[in-house]
Amino acid sequence: QVRLVESGGGLVQAGGSLRLSCAASGIIFRFYTMGWYRQAPGKQRELVAAISSGGSTNYADSVKGRFTISRDNAKNTVYLHMNSLKPEDTAVYYCNAHRGTIMAGYEYHYWGQGTQVTVSS
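Below, the structure is looked at part by part. Per-chain numbering applies: the sequence of each chain, read as written, is numbered from 1 onward. Per-residue local features are limited, in this predicted model, to residues with pLDDT of at least 70; the limit for side-chain atom pairs, both in listing and counting, is 80 or more; totals at the level of whole chains, interfaces and linings are taken over all residues. Side-chain metrics in this entry use all non-hydrogen atoms of the structure; hydrogen atoms and water are not considered.

**Section: the overall build of the protein**
Here's step 1: Only runs of H or I of at least four residues qualify as helices and only runs of E of at least two qualify as strands under DSSP, and these elements are numbered from the N terminus. The helix and strand inventory of the protein stands at 0 helices and 11 strands.
Here's step 2: Pairs at least 24 residues apart make up 54% of the contacts formed inside the protein by residues separated by at least 6 positions.
Here's step 3: Surface accessibility of the protein: about 6500 Å² in total, with carbon and sulfur atoms responsible for 48%.
Here's step 4: Counted as positive: Lys and Arg. Counted as negative: Asp and Glu, with His and the chain ends omitted from the count. The atom standing in for a charge is NZ when the residue is Lys, CZ when it is Arg, CG when it is Asp and CD when it is Glu. For the protein, the centre of its 12 positive side-chain charges and the centre of its 7 negative side-chain charges are spaced 5 Å apart. Contacts between residues were defined by any pair of non-hydrogen atoms, one from each residue, lying within 4.5 Å. Using a 1.4 Å probe, accessible areas were evaluated by the Shrake-Rupley method; residue-level cover was limited to the displayed protein chains.

**Details of the state of the cysteines**
Here's step 1: Cysteine sulfur atoms are paired as a disulfide whenever they fall within 2.5 Å. Scanning all chains against the criterion turns up 1 disulfide.
Here's step 2: Disulfide pairing places Cys22 opposite Cys95 at an S-S distance of 2.1 Å. Classification of the bridge connecting Cys22 and Cys95 rests on its S-S torsion, roughly -80°, and on that basis the disulfide is left-handed. Pair noted here: Cys22 is in strand E3 (residues 18–25) and Cys95 is in strand E9 (residues 91–101), with a separation of 73 residues, a long-range link.

**As for the nonpolar core**
Generally speaking, a soluble globular protein has its nonpolar side chains buried in company with each other.
Here's step 1: If you look at the biggest cluster of nonpolar residues, it comprises 29 residues, and the most contacted ones within it are Met34, Trp36, Val78, Leu80, Met82 and Tyr93.
Here's step 2: If you list the elements that add at least two residues to this core, you get E3, strand E4 (33–39), strand E5 (46–51), strand E7 (67–72), strand E8 (77–82), E9 and strand E11 (115–120).
Here's step 3: Here Met82 is in contact with Gly16, Ser17, Leu18, Leu20, Arg66, Phe67, Tyr93 and Val117, once residues within four sequence places are set aside. In these notes, a set of buried Ala, Val, Leu, Ile, Met, Phe, Trp, Tyr and Cys residues joined through side-chain atoms within 4.5 Å is what counts as a nonpolar core. Buried means the residue's accessible area, taken with a 1.4 Å probe over protein chains only, is under 20% of the maximum for its type, while exposed means over 50%, and partly exposed covers the values in between.

What follows is the structure, encoded as structure tokens:
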């Protein structure tokens, strides 16, 4: 059974920092691209940051220079370090594990239950 368990969310003032963690089990973690998505009320879920199995990263333009994604394959954990937080960063943050493509003939997507991040002004 695949489980992705997020932690580290909470309430923080604008300009503050948080670190989110996502512990994975039930998958061969090192083979998966890991990502953080967020969804604010009334908005679509959007990609915040992702890190490939090889360590390549990509970020949404809105968080570049403020957020850093990292992974520890020994601990089966992915992190999102969030600095200089803004009220518009308020959302539920979801961890995602992804492997494969439709073109390759297989694709797996797994999601965590989400953790709330609230940034007050």
